[in-house]
Amino acid sequence: IDRVVFLACGSPNRAMRGLQYWIERFSPTLEVRRHFPAEFVAQDAPRLDARTLVVLGSKSGTTPETVAAAEFLKDKPCITVAITQSASSPLASLARHVFLIGETPESFLGMAMIAQALVGGLLAGRDGWPHEAALLASLRALPGALAQIAVATLLGVGMGYLMDWTLEAGIV
C-alpha cells in the first residue's frame, strides 16, 4: 500500500480525520487523503491503482454518497474496505473487504476502533510503527473501560475512583 484514501460522511468522516493525522504524523512513506464521498467522485482521482487502499465508512451502509463512491470504485484496481453494521447493506456488497460492527448504539466507537486497528497494522507493517501492540491492548480494554465509566456515572461515583481504576487496569 502506497496511499490511503478515507471516504465517509458525518461522524465516520470525523473519526477518519484522526486516522489521517496518525498516518501523516507517523508514516514517512504513506500518502493519505480524506474526502467526503461526493467530492471524491466529482474529482475523479487519477491515482487509484492496486497500491491504493480506500476505506469507506457508513453506519447503516446506505448513506447515498458513500454507496455512490463505492459504486464508482467497484471497477477500479484499488483495494476497497468498508466499515459498516450489516453485511446485507449496499456498501458491504460493493466493497472488496468488509468489517462489520453489528447493530450497536455505539457505532461511532465500533467504527473508530476497527479503523484504528487497521491503520495501526498498516503503520506497523509498512513503517515499523512500534505502538501496534499497545494500541491493540488499549482497544481490547476500551469496551470494559467505557462500561465502567457508564456505571460510575450512573452511580455518581467521583472521577478519582475512575482514574484509580483506569491506572490499575493499565488503560492510561
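Everything quoted here is computed from the prediction, not taken from an experiment.

Rules used throughout
- Residues numbered from 1 in each chain as written.
- Predicted model: local features only at pLDDT ≥ 70, side-chain atom pairs only at ≥ 80, totals over all residues.
- Heavy atoms only, no water.
- Helix = DSSP H or I, 4+ residues; strand = E, 2+ residues; numbered from the N terminus.
- Buried < 20%, exposed > 50% of the residue type's maximum accessible area, 1.4 Å probe, protein only.
- Areas by Shrake-Rupley, 256 points an atom, 1.4 Å probe, with all protein chains shown as cover.
- Salt bridge = Lys/Arg side-chain N within 4 Å of Asp/Glu carboxyl O.
- 1 Å grid on protein atoms, 1.4 Å probe; cavity = no way out; pocket = protein on both sides within 12 Å on 5 of 7 lines; lining within 4 Å.
- Points joined across faces, edges and corners; volume = space filled by probe spheres on them.
- Nonpolar A, V, L, I, M, F, W, Y, C, P; charged D, E, K, R; others polar.
- Axes fitted to C-alpha atoms, helices over the stretch in contact; angles between N-to-C directions.
- Parallel < 35°, antiparallel > 145°, perpendicular 65-115°, else oblique.
- Left-handed = near helix turned anticlockwise from the far one by under 90°.
- Contact = heavy atoms within 4.5 Å.
- Pairing = 2+ DSSP bridges.

Asker: Looking at this structure, I do not really get the overall build of the chain. What am I missing?
Answerer: Tallying secondary structure elements over the chain gives 7 helices and 5 strands in all. When the elements of the chain are put in sequence order from the N terminus, they spell out β-α-β-α-β-α-β-α-β-α-α-α. The buried share of the chain, taken over its 172 residues, is 39%. Surface accessibility of the chain: about 9,100 Å² in total, with carbon and sulfur atoms responsible for 59%.

Asker: How should the pattern of salt bridges be read in this particular structure?
Answerer: Side chains that carry opposite charge are capable of pairing whenever their charged atoms lie near each other. Counted under the stated rule, the structure contains 7 salt bridges. Its salt-bridge partner being glutamate 31, residue arginine 3 comes within 3.9 Å of it at the nearest N-O pair. In this pair, arginine 3 sits in strand 1 (residues 3–8) while glutamate 31 sits in strand 2 (residues 31–35), placing the two residues 28 residues apart along the sequence. Assessed through its relative accessible area of 6%, arginine 3 is described here as buried. One continuous salt-bridge network, built from bridges that share partners, spans Arg3, Glu31, Arg33, Arg47 and Asp49.

Asker: Looking at this structure, how should I read the layout of surface pockets?
Answerer: Any empty space left between atoms is shown by rolling a water-sized probe over those atoms. The space that makes up the largest pocket amounts to roughly 170 Å³. Those elements giving two or more residues to the lining of the largest pocket turn out to be strand 1, strand 2 and helix 2 (37–43). Tallying contributions element by element places strand 2 first for the lining of the largest pocket, with 4 residues. Residue composition of the lining of the largest pocket, grouped by class: 7 nonpolar, 2 polar and 4 charged.

Asker: Before we go on, may I ask you to explain the packing of helix 1 (residues 10–26) against helix 5 (residues 107–127) in this structure?
Answerer: To characterise two packed helices, one gives the angle between the axes of the helices and the distance between these axes. At a minimum axis distance of 10 Å, the contact between helix 1 and helix 5 shows a crossing angle of 20°. Taken together, the axes of helix 1 and helix 5 lie roughly parallel to each other. Of the two elements, helix 1 crosses helix 5, and the hand of that crossing is right-handed. Together, Ser11, Pro12, Ala15, Leu19, Trp22, Ile23 and Phe26 of helix 1 and Phe108, Met111, Ala112, Ala115, Gln116, Val119 and Leu123 of helix 5 make up the contact between the two elements. Of the residues belonging to the contact of helix 1 with helix 5, the class tally is 12 nonpolar, 2 polar and no charged.

Asker: Just to check I follow, could you spell out the sheet that holds strand 5 (residues 97–100) for this structure?
Answerer: The strands that make up a sheet are held in pairs by hydrogen bonds between backbone atoms, and each pair lies either parallel or antiparallel. If you trace the 5 strands from one edge of the open sheet to the other, you get 2-1-3-4-5, paired in parallel fashion. The sheet is open, and its two edges are formed by strand 2 and strand 5, each paired on a single side. Neighbour-to-neighbour, the strand axes of the sheet open up by a mean angle of 15°, direction not taken into account. In terms of strand pairing, strand 1 meets strand 3 (residues 52–57) through 6 bridges, oriented parallel. Looking at strand 3, one finds that alanine 8 is bridged to glycine 57. The sheet strands contacting helix 1 are strand 1, strand 2 and strand 3, and the helix crosses strand 1 at an angle near 160°. Docked against the sheet, helix 3 (residues 64–73) engages strand 1, strand 3 and strand 4 (79–84), running at close to 155° with respect to strand 3.

Geometric descriptors of this kind do not, in isolation, establish any biological role.
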